[in-house]
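One-letter residues, chain by chain:
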Amino acid sequence: MKSFTAIAVISVALLALGCHAKHIESKVADKDFLGKQKFVFDMLQHIYQDDVFVSEYPATYAEYKPWDHVGDYHHPELLEHFFELWQHHPFHDDQVWSVMYERHEEYAVGLVRLFYFAKNWETFQHAVFWARQHVNKQLFVYAFTVVTIARDDMQGIILPAHYEIHPWSFFGGQTLEMAEHYKMHGFHHVKKMDNIYNVVLKSNYSNHYGNLNYDHELAYFLEDVGFNSFYYYYNLDYPFWTKGSEHHVLNKDRRGELYLYTHWQLLARWYLERLSNDMGEVPTFNMYEPVASGYYSALRSYNGVPDWHRDNHHSFYHEHNIEHIQEVELYTQRVMDWIHKNEKFDVEVINQLGNIIQGNADSIDKKFYGSLDKEYRHIVNGGHQVGKHYESFPGRFMHYDTSLRDPLFYEVYKNLVGHYWHLMETFPEYKKHDYEFEGVKIDAVHMPESLTTYFEYFDADISNAVNVEPVVMDSHDSLYSFGRNSHYNGVSYVIKARQHRLNHKPFEFTLDVSADKAQDAIVKVFIGPKYDEHGHVIPLEHNYQNFFELDHFKVHLDAGVTHIKRNSGDFFIWVNDRTTYLELYQKLMDASVSDYKFKLDQSEAHCGVPNRMMLPKGKKGGQVYQFFYMVYPFHETAVAQYTGYDPIISCGIGHGSRYVDALPFGFPFNRPVKHDYYFDVHNFKFFDVKIFHRDEHTNVA
């Protein structure tokens, strides 16, 4: 039986006059689902402590050894290697884990299989509890997250924000030290709110005491907790080491093409932000020459080990990196040979290239083409070997949740995405007839000529960062008794890290579209630069790679004029800020002991991009960007959208039905533009917008 109940649809806008909007449908969790949700919340609290569970679990959990219960798992033959590996060489918290190492990857694959192949919920709980007690915690969180996304009986389950599960990857050592300080001093002079000790700490970005270089000035962008979490989840949605499962086939989602497009779009968004700060094009990473931008993260591990610091003009061309540099040279040549031998010009070729570059399980020949993605990460990591396994210490470039913090990420991926543009150079150029929509014209665009961004304060619950005492049996704190174990002497506490994060005022547009007949169509909206850092207009022939996709949706055009109205809050890939761990626990408790409805929806979906990152910062006096609008024929997908999954509670990974249409990602900018006048068609429209930045901290939109 499904563990939720359908309720009424909540629609944020009407469908009148062709006005299509994001529909937020929700369901209500039933008792069975609430039990599963509570188990998930319990397991992800204070992950480096294994003796602080308030909820009581039977002795069978603590005594459980999965290799003694192989009959409780599907495909036990696929678990044999992991059991053997674990019993000979367990991977505990005395080692630092990263999926980028082949030895570490073995453990990840084995643990994910253990969780995924559990035949029922009870077996799954026992396996998770065993891993929570014994396995390296970063490995545990990685595997648990992957499986929560993939298991059918966990669809709709809410994971707390990753930056609240593992705050060491997101907040500086100074913030975490102050959090520990309040706890160690018994929350002295801290006021209670709703009987909870409530601490709010100002959490600075890593450039608070000065910029290491020009890139460091953009720490507010590089270190945004929501943006970094998005990238983490994207890579867990599509783990490079697997093809998926029988019912979740990752390549059905054009995973290789998506890999290339995701990184192309990250590059475009980074460039837009650089322009707001008078910085120019993203440099290309040169592994033979010193790199201008150093890096200081201000992060430290749970054990107190600080991140290594990279000076400006650091050289990666040294003896410890020679092997990886040679691998990059070899694989690059092979990829380029493959590109220039290609004689097909379709989406599948692009998909193959993405799989080759990432070196994922769907690569046409992983042994021959390797993984350029992984090799570059090893080069940036530095190559200095530590420990008995002769592995380099995994720095922040070796973890998905911290990769975006380093400006070098964008330089490296400019190299990798460059292979996509090499391939596109071999494709025929789109001509005017490829862009036209016969009988359809955008008559006018109505939107504000100026948009506003600002910084606002944002609070994250970092209570997990502070160790707690063993269980207090006689607490009268209802939240603690329910299972939330962030407490001091049996009284609940919450410690919040407060940061200023970029946001923008909502805006809307209306397209007046005339058509000679009724028909379906799609609308795409992009934002791109108008001028470079010197104030010169960038010709489209040199600008097409810089457009960032904001929205993509299907409409029905009536014969005559259709007015398509859209609010920025309706744009399709963007999601709200995550509800804090404390609030989630409170809602779960209320739903468990009262008639409160614990709603499940996609308003904070893990696969979405934080809404607040939609627009570049702009400038006090305004920065001109250009919106691009396209109305184009609807190209139906081979599998109807949302087939095989419930879009109310799932992102639909691996079903081959996530996308609204069958167009190549990034169309019409997905091939080099050599003749800008081909864009002079009736169904395309550019619109100049000036973005102003309000230089004050406020939560008032």
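Keep in mind the model is a prediction, meaning the values are calculated, not measured.

Undergrad: For the overall build of the protein, give the residues involved together with the corresponding values.
TA: A count of helical and extended segments in the protein gives 19 helices and 21 strands. In terms of overall size, the protein behaves like a compact globule, its C-alpha atoms giving a radius of gyration of 25 Å where 701 residues would be expected to give roughly 27 Å. In terms of principal-axis extent, the alpha carbons of the protein reach across some 75 × 60 × 55 Å. When contacts within the protein are restricted to residue pairs at least 6 apart in sequence, long-range pairs at least 24 apart make up 80% of them. A total of about 28,800 Å² of accessible surface is found on the protein, and carbon and sulfur atoms cover 51% of it. Charged side chains in the protein number 64 positive and 93 negative. The centres of these two groups are separated by 3 Å.

Undergrad: Go over the packing of helix 12 (residues 322–341) against helix 15 (residues 372–381) with me, naming the residues and quoting the values.
TA: Geometry of a packed helix pair, given as the angle between the helix axes and the separation of the axes. In contact at an axis separation of 9 Å, helix 12 and helix 15 are set at 155° when each is read in the N-to-C sense. Considered as vectors, helix 12 and helix 15 are oriented roughly antiparallel to each other. Read as a crossing pair, helix 12 and helix 15 show a hand that is left-handed. Contacts from His324, Ile325, Glu327, Val328, Tyr331, Thr332 and Val335 of helix 12 reach helix 15 at Leu372, Glu375, Tyr376, His378 and Ile379. A class-by-class count of the residues in the contact of helix 12 with helix 15 yields seven nonpolar, three polar and two charged.

Undergrad: Talk me through the state of the cysteines; I want residue IDs and the actual numbers.
TA: Applying the stated rule across the entire model yields one disulfide. The residue that forms a disulfide with Cys607 is Cys651, at a sulfur-sulfur distance of 2.0 Å. With the S-S bond torsion at -85°, the cross-link from Cys607 to Cys651 turns out left-handed. Placement of the pair is Cys607 in the loop between strand 18 (599–600) and strand 19 (609–610) and Cys651 in the loop between strand 20 (623–633) and strand 21 (684–697), with a sequence separation of 44 residues. Looking at Cys651, the relative accessible area reads 8%, which means it is buried.

Undergrad: Describe the environment of Ser203, naming the residues involved and giving the relevant values.
TA: Mapped onto the elements, Ser203 comes out in the loop between strand 4 (196–202) and helix 9 (219–222). Judged by relative accessible area, which is 5%, Ser203 ranks as buried. On a C-alpha basis, the gap between Ser203 and Asp459 in space is 9.4 Å, while along the polypeptide they are 256 residues apart. If near-sequence neighbours (up to four positions away) are discounted, Ser203 is found in contact with Phe171, Thr175, Ala497, Arg498 and Gln499. Within polar-contact distance, the side chain of Ser203 engages the side chain of Thr175 at 3.0 Å.

Undergrad: Just give me the short version of the packing of aromatic side chains, but keep the residues and values in it.
TA: Overall, the coordinates contain 84 aromatic pairs when judged by the stated rule. On the basis of an interplanar angle of 75° and a centroid distance of 6.0 Å, the ring pair of Phe285 and Tyr376 is categorised as edge-to-face. On the criterion of sequence distance, the pair formed by Phe285 in the loop between helix 11 (255–276) and helix 12 and Tyr376 in helix 15 is long-range, its members being 91 residues apart. Connected via pairs of aromatic rings, a cluster forms that spans Phe221, Phe227, Tyr231, Tyr234, Tyr238, Trp270, Phe397, Tyr400, Phe409, Tyr410 and Tyr413. Over the face of the ring belonging to Tyr197 we find Lys192, whose NZ or CZ atom lies 5.1 Å from the ring centre. Just above the ring of Phe553 sits the side chain of Arg566; from NZ or CZ to the centre is 3.8 Å.

Undergrad: Before we move on, could you go through the environment of Gly483 and cite the residues and values that matter?
TA: Of note, Gly483 is situated in the loop between helix 18 (478–482) and strand 11 (487–488). For Gly483, a relative accessible area of 2% translates into the label buried. For the pair Gly483 and Tyr220, spaced 263 residues apart in the sequence, the C-alpha separation amounts to 35 Å. Those residues in contact with Gly483 that lie beyond four places of it in its chain are Lys38, Asp42, Gln45, Val54, Ser55 and Tyr585.

Undergrad: Give me the lowdown on the side chain of Asn485, citing residues and values where you can.
TA: Looking at the element boundaries, Asn485 is found in the loop between helix 18 and strand 11. Look past the residues within four positions of Asn485 in its chain and what remains in contact with it is Gln45, His46, Val52, Phe53, Val54, Val468 and Tyr480.

Undergrad: I'd like a description of the confidence of the model for the protein, backed by residues and values.
TA: Taken residue by residue, the protein gives an average pLDDT of 94. The fraction at 70 or more is 95%. Below pLDDT 50 for its whole length, residues 1–21 participates in 58 contacts with residues either more than four positions away or in separate chains.

Undergrad: Which residues make up the packing of helix 1 (residues 31–43) against helix 5 (residues 121–134), and what are the values?
TA: Taken N-terminus to C-terminus, the directions of helix 1 and helix 5 make an angle of 10°; their axes are 11 Å apart at the nearest point. As the angle between them shows, helix 1 and helix 5 are arranged roughly parallel. Mapping the contact onto sequence places Lys36, Phe39 and Met43 in helix 1 and Trp121, Phe124, Gln125, Val128, Phe129 and Arg132 in helix 5. By residue class, the composition of the contact of helix 1 with helix 5 is six nonpolar, one polar and two charged.

Undergrad: For the sheet that holds strand 9 (residues 440–446), give the residues involved together with the corresponding values.
TA: Strand order in the open sheet formed by three strands is 9-13-16, and the pairing between neighbours is antiparallel. Strands at the two margins of the open sheet, each flanked by one partner only, are strand 9 and strand 16 (560–567). Across this sheet, the average inter-strand angle for adjacent strands is 20°, counted without regard to direction. Two strands pair when backbone bridges link them, and strand 13 (residues 508–515) and strand 16 are joined in this way by eight bridges, in the antiparallel orientation. Its bridge partner being in strand 16, Thr510 is matched across the sheet by Lys565.

Undergrad: How would you sum up a nonpolar patch on the surface? Please name residues and give values.
TA: Residues Val96, Val305 and Phe393 make up a contiguous nonpolar surface patch of roughly 220 Å² in combined accessible area. Position of Phe393 among the secondary structure elements: in the loop between strand 8 (391–392) and helix 16 (408–426). Judged by relative accessible area, Phe393 falls into the partly exposed class, the value being 37%.

Undergrad: Could you give me a rundown of the pairing of strand 13, with the residues and numbers involved?
TA: The buried count for strand 13 comes to seven of eight residues, which makes it a mostly enclosed element. Bridge count between strand 9 and strand 13: six bridges; the pairing is antiparallel. Paired with Val440 across the strands is Ala515, a residue of strand 13.

Undergrad: Talk me through the nonpolar core; I want residue IDs and the actual numbers.
TA: Ranked by internal contacts, the top residues of the largest apolar core, which has 222 residues, are Phe115, Tyr410 and Phe627. It is helix 11 that provides the largest number of residues to this core, a total of twelve residues. In this view, Phe115 contacts Phe124, Ala127, Val128, Ala131, Phe140, Ala143, Phe144, Val147 and Arg151; residues no more than four positions away in its chain are not counted.

Reading the values: the criteria
Residues numbered from 1 in each chain as written. Predicted model: local features only at pLDDT ≥ 70, side-chain atom pairs only at ≥ 80, totals over all residues. Heavy atoms only, no water. Helix = DSSP H or I, 4+ residues; strand = E, 2+ residues; numbered from the N terminus. Rg over C-alpha atoms; globule rule 2.2 N^0.38 Å. Contact = heavy atoms within 4.5 Å. Areas by Shrake-Rupley, 256 points an atom, 1.4 Å probe, with all protein chains shown as cover. Lys, Arg positive; Asp, Glu negative; His and termini not counted. Charge placed at Lys NZ, Arg CZ, Asp CG, Glu CD. Axes fitted to C-alpha atoms, helices over the stretch in contact; angles between N-to-C directions. Parallel < 35°, antiparallel > 145°, perpendicular 65-115°, else oblique. Left-handed = near helix turned anticlockwise from the far one by under 90°. Nonpolar A, V, L, I, M, F, W, Y, C, P; charged D, E, K, R; others polar. Disulfide = S-S within 2.5 Å. Buried < 20%, exposed > 50% of the residue type's maximum accessible area, 1.4 Å probe, protein only. Polar contact = N/O pair within 3.5 Å; in protein donor to acceptor, adjacent residues only side chain to side chain. Phe/Tyr/Trp six-rings, centres within 6.5 Å; stacked < 30°, edge-to-face > 60°. Lys NZ or Arg CZ within 6 Å of the ring centre and 35° of its normal. pLDDT = per-residue confidence, 0-100. Pairing = 2+ DSSP bridges. Patch = residues over 30% accessible without salt bridge, like charges linked within 9 Å, V, L, I, M, F, W, Y side chains within 5 Å. Salt bridge = Lys/Arg side-chain N within 4 Å of Asp/Glu carboxyl O. Core = buried A, V, L, I, M, F, W, Y, C linked by side-chain atoms within 4.5 Å.

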